[in-house]
Amino acid sequence: MEIDEKQNPNPNSTTPPPAQIAPIEPPIPLIPPPIAPIPSVRPPNGETAKKTTEDAASDEDGDDSAPEYEVSEESRLFREKKEKAKQDFLMKQRAAALAVPTNDKAVRSRLRRLGEPVTLFGEREMERRDRLRMIMAKLDSEGRLDTLMKVLEEEEAAVNVEDGGGEDEGEVVEYPFYTEGSTALLKARYEIAKESVVKAAVRLGRARRKRDDPDEDVDAEINWALDGAKSFALDCSEIGDVRPLAGCSFSCDGKFLATCSLTGVAKIWSMPGVNSVSSLKGHAERATDVKFSPTNDQIATASADRTAKLWNTEGTLLNTYTGHLDRLARVAFHPSGKYLGTTSFDKTWRLWDTETGDELLLQEGHSRSVYGLAFHPDGSLVASCGLDALARVWDLRSGRSILALEGHVKPVLGISFSPNGYHLATGGEDNTCRIWDLRKKRSLYTIPAHANLISDIKFEPQEGYFLVTASYDMTAKIWSSRDFKPVKVLSGHEAKVTSVDVAADGQSIATVSHDRTIKLWSSKNAEKDKAMDVD
């Protein structure tokens, strides 16, 4: 039997293979071999998978089950994490650019209008405000915020029209943003500008000298001041009135202390024995604050009868300032002693000429009652705070609001400038004291100061090395201005501490309270210095 070489490829084989019958198969179409090898399932080194050729694409047009390239689990998770971080960053950026109300009632109302829960279990004011901010940012990213706000504005406009508060159609009412000031105000602005330039130059020159002089050791000075603050102790306690006391203030030379109470009477006391000198009777309702002039022995008082009065130490009434539409809260003297600032529950603060009694400036800007007022040591700026949880810094030379300090979540009651010129302290009902840097225009530090609201706050008037806060938790506390750590707790009152003041030499602190007592706290270092002077 002849063996075909094509059928038996092994010519050395001697045993013939068994006879096999090949099955009948349909003809196989000729397919050209692939030009390039099929790519691997996973793209190497994370490179993007590409389609092979135009011919392969044309072949896949008729095939719905085109091959999909798989991505590793690690790569997929990394991409998702990166995309999520990007979206979170964009969301926070949008949220930071949105204006969110600081008043908790307004925040609740906005949440209710947006159809969100008004409050969550265990949620506090700041957390609720942050939640509203993120909700608004989410709506903004989805492009629904403008539409929703327009609908809300239309609803409010419809309610106003139904209530009769809308204007007639076609009538356009234009309200001027600026109001024309008087000639006296213009003259006062010129004087304030001139005096502030001189005081600022002196302050900056002293700061440069401390920085450049090798003999000046600032840290040693601060340590000495803080050591003196640690030694503060109760020196004297005196019953101030038959009703709770509301305010206190040292004279510029430290020889007198003025207090006021809910009886409407202010009293002058001699220091350091706290002996009564005179009584200032004239207000029809309770007195809310009292302040000594920084240049002389004149005293200003504020009252709930909507007036402020100017007195001398003998008890003689010098002037009365009328114009506010609601009760007064605080009163403050300009560093020059020529001007007086008052705050009121009519949502304004006003500037008065102490000599003529004329109202120089009526300043609006707060959405709720204005409570605290403080003048810059140079006299160029004034800061106000109020029940809208906002503090504003105003330029007296131009009348502009140059800073709006947002951060407190409840009404701000106390405010004070540091003698260094660039630190501002505020305290309020959220139990915190915030330190603001006017150069950076932001909050520098937040002190969780007390267990109850902060009623008043004062910097040490010489260099501002420490500050004192008074609170309704029946204590006053001293804090370092270097690192804002607690230095001393002044405890002894049996009721709410309503006001605090620091003497010009920084060696005495006075506090008044609802327990009707005046307490004088003195530094033991001052006594040692006096003993050394005697020796």
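One can find the structure itself at the top, above this paragraph.
The following refers to the structure shown. On a predicted model such as this, the values are computed, not experimentally measured, just so you know.

The next thing to look at is the packing of aromatic side chains. With the rule as written, the count across this model stands at five aromatic pairs. Look at Tyr321 and Trp352: their rings are 5.7 Å apart centre to centre, the planes differ by 50 degrees, and that puts the pair in the tilted class. Residue Tyr321 is located in strand S9 (residues 317–322), and its partner Trp352 is located in strand S12 (residues 349–353); the two are separated by 31 residues in the primary sequence. Judged by its relative accessible area of 1%, Tyr321 is buried. Geometrically, the ring pair formed by Phe345 and Tyr371 is edge-to-face, given 6.3 Å between the ring centres and 85 degrees between the ring planes. Of this pair, Phe345 sits in the loop between strand S11 (339–344) and S12 while Tyr371 sits in strand S14 (residues 370–375), and the two are 26 residues apart along the sequence.

So, about the pairing of strand S19 (residues 423–428). Extensive coverage of S19 is indicated by the burial of six of its six residues. On S19, burial covers both faces: His423, Ala425 and Gly427 on one face and Leu424, Thr426 and Gly428 on the other are all buried. The pairing of strand S18 (residues 412–417) with S19 spans five bridges and is antiparallel. Note that in S19 the partner of Val412 across the bridge is Gly428. Hairpin connection, S18 to S19: the antiparallel pair is bridged by five residues, and Gly421 has positive phi, about 95 degrees. Pairing of S19 with strand S20 (residues 433–437), which is carried by five bridges, proceeds in the antiparallel orientation. Bridging across to S20, Ala425 finds its partner in Ile435. Counting the residues in the hairpin turn of S19 and S20 gives four residues, including Asn431, whose phi is positive at 70 degrees.

In sheet architecture, strand pairing relies on hydrogen bonds along the backbone and comes in two forms, parallel and antiparallel. Ordered by their spatial adjacency, four strands build an open sheet running S6-S7-S8-S9, and the pairing between neighbours is antiparallel. Each end of this open sheet is capped by a strand with a single partner; those strands are strand S6 (287–292) and S9. Each neighbouring strand pair of the sheet contributes to a mean axis angle of 20 degrees, computed without reference to strand direction. In terms of strand pairing, strand S8 (residues 307–311) meets S9 through five bridges, oriented antiparallel. Counterpart to Lys309 in the pairing with S9 is Thr320.

This part is about the pairing of strand S15 (residues 381–386). In terms of residue burial, S15 counts as a mostly covered element, since six of its six residues are buried. Here S15 shows two buried faces, one formed by Leu381, Ala383 and Cys385 and the other by Val382, Ser384 and Gly386. Between the end of S14 and the start of S15, which pair antiparallel, lie five residues, with Gly379 showing a positive phi angle near 90 degrees. Judged from the five bridges that link them, S15 and strand S16 (residues 390–395) form a sheet pairing that is antiparallel. Of the residues in S16, the one forming a bridge with Leu381 is Asp395. In this antiparallel pair of consecutive strands, S15 and S16, the connection spans three residues, and Ala389 shows a positive phi of 60 degrees.

As a further point, take the sheet that holds strand S25 (residues 486–491). Read across the sheet, four strands follow the order S22-S23-S24-S25 without closing on themselves; strand pairing throughout is antiparallel. Pairing within the sheet leaves two strands with one partner each, and these edge strands are strand S22 (454–459) and S25. Averaged over all pairs of adjacent strands, the angle between strand axes in this sheet comes to 20 degrees, irrespective of strand direction. Where strand S24 (residues 475–480) meets S25, five bridges bridge the pair, whose relative direction is antiparallel. Its bridge partner being in S25, Lys477 is matched across the sheet by Val489. Sheet strands in contact with helix H7 (residues 218–230) are strand S23 (466–471), S24 and S25, and its direction is about 25 degrees off that of S25.

Turning our eyes to something else, we now look at the side chain of Ser384. Tracing the backbone shows Ser384 in strand S15. For Ser384, the side chain forms a polar contact with the side chain of His366, separated by 2.8 Å. Looking at Ser384, its side chain comes within polar contact range of the side chain of Trp394, at 2.9 Å. The residues contacting Ser384, other than those within four sequence positions of it, are Trp349, His366, Val370, Gly372, Leu373, Leu390, Ala391, Arg392, Trp394 and Ile415.

Where helix H3 (residues 104–113) contacts helix H4 (residues 125–141), the two axes come as close as 10 Å, and the packing angle between them is 40 degrees. When the axes of H3 and H4 are compared, the pair comes out oblique. Of the two possible hands of crossing, H3 and H4 adopt the one that is left-handed. In this structure, H3 contributes Asp104, Val107, Arg108, Arg110 and Leu111 to the contact, and H4 contributes Glu125, Arg128, Arg129, Arg131, Leu132, Ile135 and Met136. Of the residues that constitute the contact of H3 with H4, the class distribution is five nonpolar, no polar and seven charged.

Moving on: unusual backbone geometry. The step from Met271 to Pro272 runs through a cis peptide bond, and the omega angle for that step is 5 degrees. Within the secondary structure, Pro272 sits in the loop between strand S4 (266–270) and strand S5 (275–280). Positive phi values are uncommon outside glycine, yet Val274 reaches one of about 55 degrees. Along the chain, the position of Val274 falls in the loop between S4 and S5. With a relative accessible area of 4%, Val274 lands in the buried category.

Analysis parameters
Residues numbered from 1 in each chain as written. Predicted model: local features only at pLDDT ≥ 70, side-chain atom pairs only at ≥ 80, totals over all residues. Heavy atoms only, no water. Phe/Tyr/Trp six-rings, centres within 6.5 Å; stacked < 30°, edge-to-face > 60°. Helix = DSSP H or I, 4+ residues; strand = E, 2+ residues; numbered from the N terminus. Buried < 20%, exposed > 50% of the residue type's maximum accessible area, 1.4 Å probe, protein only. Pairing = 2+ DSSP bridges. Axes fitted to C-alpha atoms, helices over the stretch in contact; angles between N-to-C directions. Contact = heavy atoms within 4.5 Å. Polar contact = N/O pair within 3.5 Å; in protein donor to acceptor, adjacent residues only side chain to side chain. Parallel < 35°, antiparallel > 145°, perpendicular 65-115°, else oblique. Left-handed = near helix turned anticlockwise from the far one by under 90°. Nonpolar A, V, L, I, M, F, W, Y, C, P; charged D, E, K, R; others polar.

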